[in-house]
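Here are the chains, one letter per residue:
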Amino acid sequence: MWEHSFRDKTAERRLFRARAITLGLFIFIMLCGLAWRMSYLQIELHEKYKNLSENNRVQLRPLAPNRGLIYDRNGVLLAENIPSYSLTIVAERVRDLDQTLTFLNDLIEISERDREQFDKRLKFRRRPFEPVVLRYRLSEEEIAKVLVNRFYLPGVDVEAQLVRHYPNGNAFAHVLGYVGRINEKDQALLDTDPDVKRRYSATQYIGKTGVERRYEEDLHGEVGYQKVETNARGRILSVIEQQDPIPGKDLTLHLDARLQTLAEKEMTGRRGAVVAIEVATGGIVALYSNPAFDPNSFVTGISHKDYSDLRDDPDQPLFDRATRGQYPPASTLKPFIGLAALNAGTTNWNDSIRDQGWYKLDNDERLYRDWKRGGHGRVDLERAVVESCDTYFYDVAVRTGIDGITPFLAQFGFGRDMTLDVISALPGLLPDRDWKKAHRRGSWYAGDTVNLGIGQGFMLTTPLQLATATAVLANRGKWQIPRLIYAHNEVEDVIEHGDIPDIQLRNPDNWNRMFNAMANVISGQHGTARRLLSNMQFPMAAKTGTAQVVGIKQDEEYDSEALRERLRDHALFIAFAPVDNPQIAIAVIVENGESAGKTAGPIAQSIINEYLGGAEG
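Everything quoted here is computed from the prediction, not taken from an experiment.

Novice: Help me understand the overall build of the protein, please; the structure alone is not making it clear to me.
Specialist: Looking only at helices and strands, one finds 23 helices and 20 strands in the protein. Against the compact-globule benchmark of 25 Å for 617 residues, the protein has a radius of gyration of 37 Å, which places it well outside the compact range. Overall size of the protein, expressed as C-alpha extent along the three principal axes, is 160 × 60 × 50 Å. By residue count, 48% of the 617 residues in the protein fall in the buried class. The long-range share in the protein, meaning contacts at least 24 apart out of those at least 6 apart in sequence, stands at 74%. Of the charged side chains in the protein, 77 are positive and 84 negative, and the gap between their average positions amounts to 5 Å.

Novice: Hey, could you run me through the nonpolar core in this one?
Specialist: Across soluble globular proteins, nonpolar side chains show a tendency to be buried alongside one another. Grouped together as the largest cluster of nonpolar side chains are 137 residues, with contacts concentrated most on L287, F412 and F414. Of all hydrophobic cores here, the second largest spans 17 residues; its members include L87, I89, I108 and V146.

Novice: Is there a simple way to think about the pairing of strand β3 (residues 77-89) in this case?
Specialist: When a strand is regular, its side chains alternate between the sheet's two faces. Examined bridge by bridge, strand β2 (residues 70-71) and β3 share 2 bridges and lie antiparallel to one another. From the neighbouring strand, I70 faces β3, where its bridge partner is A79. What sits between β2 and β3 in their antiparallel hairpin is a turn of 5 residues, with G75 showing a positive phi close to 85°. Across 10 bridges, the pairing between β3 and strand β5 (residues 156-165) is antiparallel. Across the sheet, the residue bridging to S86 is E159, located in β5. As paired strands, β3 and strand β4 (residues 132-135) are joined by 3 bridges and run antiparallel to one another. Paired with L87 across the strands is R135, a residue of β4.

Novice: Whenever I open this one, the sheet that holds strand β12 (residues 284-290) confuses me. Can you help?
Specialist: Picture the strands of a sheet paired through backbone hydrogen bonds; they go either parallel or antiparallel. In space, the 5 strands of this open sheet follow the order β12-β11-β20-β19-β18, with antiparallel pairing throughout. Edge strands, defined here as strands with exactly one partner in the open sheet, are β12 and β18 (541-547). Across the sheet, the mean angle from the axis of one strand to that of its neighbour is 5°, orientation sign disregarded. Lying on the sheet, helix α22 (residues 509-523) is in contact with β18 and β19 (570-577); it crosses β18 at an angle near 70°.

Novice: How do you make sense of the pattern of salt bridges when you look at a structure like this?
Specialist: Opposite charge on two side chains permits pairing when their charged atoms draw close. With the rule as written, the count across this model stands at 25 salt bridges. Close ionic contact of E212 with R164 constitutes a salt bridge, the shortest N to O distance being 2.8 Å. Taken together, the residues span a long stretch of sequence, with E212 in helix α9 (residues 210-214) and R164 in strand β5 at a distance of 48 residues. By relative accessible area, R164 is classed as buried at 4%. When the shortest N-O distance is used, the salt bridge between E222 and R199 registers 3.3 Å. Taken together, the residues E222 in the loop between α10 (216-220) and β8 (224-230) and R199 in helix α8 (residues 194-199) connect sequence positions 23 residues apart. Classification of E222 by relative accessible area gives partly exposed; the value is 27%. Through salt bridges with shared partners, one network takes in R67, R164, E212 and E216.

Novice: How do you make sense of the packing of aromatic side chains when you look at a structure like this?
Specialist: Aromatic ring pairs are reported here in terms of the distance separating the ring centres and the angle at which the planes meet. The full count for this structure, using the stated rule, is 15 aromatic pairs. Here F298 and Y307 contribute two aromatic rings whose centre-to-centre distance is 6.4 Å and whose plane-to-plane angle is 85°, an arrangement assigned as edge-to-face. The buried category is assigned to F298, whose relative accessible area is 9%. Using a relative accessible area of 35% as the deciding quantity, one classes Y307 as partly exposed. Both rings, one in W435 and one in F458, keep their centres 5.2 Å apart while their planes meet at 55°; by these two values the pair is tilted. Taken together, the residues span a long stretch of sequence, with W435 in helix α19 (residues 433-439) and F458 in the loop between α20 (446-453) and α21 (463-474) at a distance of 23 residues. Relative accessible area serves as the criterion here: at 14%, W435 is assigned to the buried category.

Novice: Where do I start with a nonpolar patch on the surface in this structure?
Specialist: A cluster of nonpolar side chains, contributed by L23, F26, I27, M30, L31, L34 and M38, occupies part of the molecular surface with about 700 Å² of accessible area. When you line up the elements, F26 lands in helix α1 (residues 9-44).

Novice: Would you take a moment to explain helix α18 (residues 402-410) for this structure?
Specialist: Since one α-helical turn is 3.6 residues long, residues separated by three or four positions face the same way. Within α18, the full set of buried residues consists of I402, I405, T406, F408 and L409. Looking at the buried residues of α18, the elements they touch are α15 (334-344), α17 (390-400), α19 and α20.

Novice: Any chance you could explain the confidence of the model for the protein here in plain terms?
Specialist: Interpreting fine coordinate detail is not advised for predicted regions of low pLDDT. Of all residues in the protein, 91% attain a pLDDT of 70 or more, and the chain-wide mean is 88. Between residues 489-497, whose pLDDT stays under 50, and residues either more than four places distant or in other chains, the model counts 16 contacts.

Novice: Please clarify how the side chain of S289 should be interpreted in this entry.
Specialist: Looking at the element boundaries, S289 is found in strand β12. Residue classification places S289 among the buried residues on the basis of a relative accessible area of 1%. Separated by 3.4 Å, the side chain of S289 and the backbone oxygen of F319 make a polar contact. Of the polar contacts made by the side chain of S289, one reaches the backbone nitrogen of R321; its length is 2.9 Å. Excluding residues within four positions of it along the chain, S289 makes contact with H174, G272, A273, F319, D320, R321 and A322.

Novice: For this particular structure, what's the right way to read the packing of helix α3 (residues 97-108) against helix α4 (residues 112-123)?
Specialist: When two helices pack together, their arrangement is given by the angle between the helix axes and the distance between those axes. Contact geometry of α3 with α4 gives a least axis separation of 13 Å together with a crossing angle of 145°. Judged by the sense of rotation from one axis to the other, the crossing of α3 with α4 is right-handed. Contacts between α3 and α4 pair L97, D98 and L101 from the former with R115, F118 and L122 from the latter. Tallied by class, residues from the contact of α3 with α4 come to 4 nonpolar, no polar and 2 charged.

Novice: For this particular structure, what's the right way to read unusual backbone geometry?
Specialist: Phi is mostly negative for residues that are not glycine, and the peptide bonds are mostly trans. In the segment running from N290 into P291, the intervening peptide bond is cis, with an omega of 0°. In the segment running from A577 into P578, the intervening peptide bond is cis, with an omega of -15°. The topology assignment puts P578 in the loop between β19 and β20 (584-590). The backbone phi angle of Q316 is positive, close to 50°, even though this residue is not glycine.

Reading the values: rules and limits
- Residues numbered from 1 in each chain as written.
- Predicted model: local features only at pLDDT ≥ 70, side-chain atom pairs only at ≥ 80, totals over all residues.
- Heavy atoms only, no water.
- Helix = DSSP H or I, 4+ residues; strand = E, 2+ residues; numbered from the N terminus.
- Rg over C-alpha atoms; globule rule 2.2 N^0.38 Å.
- Buried < 20%, exposed > 50% of the residue type's maximum accessible area, 1.4 Å probe, protein only.
- Contact = heavy atoms within 4.5 Å.
- Lys, Arg positive; Asp, Glu negative; His and termini not counted.
- Charge placed at Lys NZ, Arg CZ, Asp CG, Glu CD.
- Core = buried A, V, L, I, M, F, W, Y, C linked by side-chain atoms within 4.5 Å.
- Pairing = 2+ DSSP bridges.
- Axes fitted to C-alpha atoms, helices over the stretch in contact; angles between N-to-C directions.
- Salt bridge = Lys/Arg side-chain N within 4 Å of Asp/Glu carboxyl O.
- Phe/Tyr/Trp six-rings, centres within 6.5 Å; stacked < 30°, edge-to-face > 60°.
- Patch = residues over 30% accessible without salt bridge, like charges linked within 9 Å, V, L, I, M, F, W, Y side chains within 5 Å.
- Areas by Shrake-Rupley, 256 points an atom, 1.4 Å probe, with all protein chains shown as cover.
- pLDDT = per-residue confidence, 0-100.
- Polar contact = N/O pair within 3.5 Å; in protein donor to acceptor, adjacent residues only side chain to side chain.
- Left-handed = near helix turned anticlockwise from the far one by under 90°.
- Nonpolar A, V, L, I, M, F, W, Y, C, P; charged D, E, K, R; others polar.

Structural data, given as structure tokens:
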């Protein structure tokens, strides 16, 4: 049987033709799509990709403004900006970060703390491609090592920047404060306002405490911008366009560097504070707390160990005793209690009492002892101030009553923060009936008034408040708001407390009579600060005070030797000078200093002599 097979060439050609046409149509459609895509990218998205390409080559970088300088009243530089070279890394431009860090460690040694801080900064940086500091304050040798190996370190650079520096270190630590790196909390606050966020786009530091924080807005300045051309490694090839930043405003403070450094010297080895105010202006010429710390160590970041040492130090160097230390005013309150009684008509300069060494309320068996066990005998107001007679002020306080005392003391600023620009100053405590009812859930008793009469009990004041009240007293009741700012370019002073009424006594002559009594605290034969007379260059009016740290039983005597040093009485001292034309008022506290005439008084006298002697010179 024959099998005959043959090919259908016509059918094959049709099939081939159909397949060729289909493939051709597919290729044509793909070419059309490619052509459309190319035209879309090159025409429709031309500007977009042009900008993206340009941004790879041209970048807009914010420029940090120079921070304003801070000067004292005599032009002494208190806070400056010094050049510092830092090692920075742009993480996006580094191929292997761990390998790069290891290489850098072999070159210049990167500590564990540097690495920890770098990781933290990298995590909380504000935008991609932002240089992150790995190490501050490179030496010339370290800079040379890094630059020689730049080819092997893409994304790594050495940047010059200005870093805050405080030439006087410890002396101004609490009052000036310090700047520190912007942390997560700071950034969250900055991000709430777009304009503020823009101002800080190039800034790594912000005022943390003191004057640096209070006047941050003025000191910071305005950010600038720079359009730069870079290579593939991110290094700048040229500057295309630049808008210079506007530097921060310089500040001039009332502070006097001479007095501040003298306070530091006089307080060596002691815990306490010195506050001095210019009577005519309210300018704070000295505001010192001891012990202090070096603010420069906080600028670029303090180590955990160093911070722990400061934090755990029993002397509390980080605590600002001048503005936040609250102490019983003790006998320094007696001139103010005396004026309150005079103004209320409770007593006069001729009234006297018999002091047997104790005071006793009616229907009360408790004896309120005088510091002098045998008493002072017949005592009038002047002698009570000069010899600091407790019994007299027990009696006059009870007769005047809390309702006559507290409102009068409030006029001197007790119980309130009356400063213009001292940040974080505490208000102290001026107790009254309502306060005790609200906070102690009890009524006000005559015994509470007895204690208040000698500045003990519930009442608390800061050294800044004592100096403020002393300045108002020296100014015969005329208020000048205490302030640090002296002048700073075009920034206006704003009195936050408004107009404060001056203190009007019913008999203005009582100012002079009280001045005379306080002058006799030093010049009088039995004055509690008479030991200062031998070194007195300018006539001073003063009052000593001794605040109890621990209570003693009614029939016991104070035994200094039996107490640990930190349980001994605090020594307080207020003064102003010259008596006939007061120019400076001062308050000094020496913790556990006991006798104010021996410890706090000489410090105040030294400050006053320097201030008035310098003024005359």
